[in-house]
Amino acid sequence: MSWSSFGEWWQTWGAPIGVLLVVVGAFIAFWIVKAVIGRVVHEVVTGVKRRADAADTEALSSSPLAQVRVVQRTRAIGSVLNTMVAWVITALALILILSILGVNAGSLVAMAGFLGAAAGIGAQGVIKDFLNGLFMVFEDQLGIGDVVDLGEASGVVESVGIRVTQVRDVHGTLWYVRNGEIVRVGNKSQGWARAIIDQAVPYHADVDAVEQRLLDVATEMSESPEWVGRIIDKPETWGIESVSAEAVVIRLVVKTRASAKDDVARELRRRVKAGLDDLGVELPSLQKVVVQGLREQPPTKGGQA
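Asks: Outline the environment of alanine 193, listing residues and values.
Replies: By secondary structure assignment, the location of alanine 193 is in strand 6 (residues 192–202). Residue contacts for alanine 193: discarding those within four places in its chain leaves Val254, Lys255, Thr256, Arg257, Ala258 and Lys261.

Asks: Can you lay out the pattern of salt bridges for me, pointing to particular residues and giving the numbers?
Replies: Using the criterion set out here, one finds 11 salt bridges in the structure. In this structure, the salt-bridge partner of aspartate 263 is arginine 266, at a minimum N-O distance of 3.4 Å. Of this pair, aspartate 263 and arginine 266 both sit in helix 6 (residues 261–279), three residues apart, roughly one helical turn. Overall, arginine 266 belongs to the exposed group, its relative accessible area being 53%. Within the structure, one salt-bridge network assembled from shared partners comprises Asp198, Glu241 and Arg251.

Asks: For the nonpolar core, give the residues involved together with the corresponding values.
Replies: Counting residues in each nonpolar core, the largest one holds 22 residues, and the members touching the most others are Val210, Val264 and Leu268. Core analysis: the second largest hydrophobic core is formed by 15 residues, Met136, Val148, Val160 and Val177 among them.

Asks: Summarise the confidence of the model for the chain; cite the residues concerned and give the values.
Replies: Averaged over all residues, the pLDDT of the chain equals 76, while 71% of them reach at least 70. Confidence over residues 55–65 falls short of pLDDT 50; this stretch has 24 contacts with residues more than four positions distant or in other chains. Here residues 288–305 scores under 50 on pLDDT; set against residues more than four positions off or in separate chains, the count is one contact.

Asks: Report on the pairing of strand 4 (residues 174–178), specifying residues and quantitative values.
Replies: Two elements, strand 3 (residues 164–168) and strand 4, share five bridges in a ladder whose sense is antiparallel. For arginine 168, the partnering residue across the bridge sits in strand 4 and is leucine 174. Hairpin geometry of strand 3 and strand 4 is characterised by an intervening segment of five residues between the two adjacent antiparallel strands and by a positive phi of about 95° at glycine 172.

Thresholds, definitions, all that
Residues numbered from 1 in each chain as written. Predicted model: local features only at pLDDT ≥ 70, side-chain atom pairs only at ≥ 80, totals over all residues. Heavy atoms only, no water. Helix = DSSP H or I, 4+ residues; strand = E, 2+ residues; numbered from the N terminus. Contact = heavy atoms within 4.5 Å. Salt bridge = Lys/Arg side-chain N within 4 Å of Asp/Glu carboxyl O. Buried < 20%, exposed > 50% of the residue type's maximum accessible area, 1.4 Å probe, protein only. Core = buried A, V, L, I, M, F, W, Y, C linked by side-chain atoms within 4.5 Å. pLDDT = per-residue confidence, 0-100. Pairing = 2+ DSSP bridges.

Rendered as structure tokens:
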């Protein structure tokens, strides 16, 4: 093949081949960077588990709380970095493709200005989602695996992106929440929590004896091998919470690891019930039923509904 024929062939097929190489190179670059990010996240998580002598992430619930946050935050940052890398590589690949297709620098600048104006007018929500997502992750407001309350959606965080956060609620529904619409984050997985039991007893019951019994039951539970890693402080009774004609309500409080609050509360209620049975205390009966949620009908003419 002569140089002239090669030049003609390159003029015909050079641009498509260049575009194809850019696309393939972009996929390879994204795969490499994603693998590096995944490797770093895996090493951090594995190191935390190794130091805590835990086989999996769930087993970290009995380890220091900071180690759990390291795992959750590392995974969240890894998810955000993967999304950011995808955006950056896509933008660079698009610029290279336009250059190969013969779009000059002045046109690229004009296009960038047009896109900037469009972003300022029509894409403000996307920019808000992007910035809010970055701040939430790097400020450690939430992480993958956290139990959160975002207002309209509550549940376990399954994915954190720079635009959308995915939350699965207790019913199994997966909620896609735009980061820019999140104005508050209630994180139930950070630090510690309290299992609060408001126990009603008959008005004539010996309050001091009942209060001591509740405290003994909770203390015995906190010292058992099964629960010693989930209860992080001595149980307390905060005295009488309310008094009515039917019952006296006594509050029992146990400080727990955030992830163990519900398990501790369920087991504590079971033991409290057994302890009061041994003490001979009968729980007060329900005297009235209040039905909520019924829509009231406005009165009509003649008093007929």
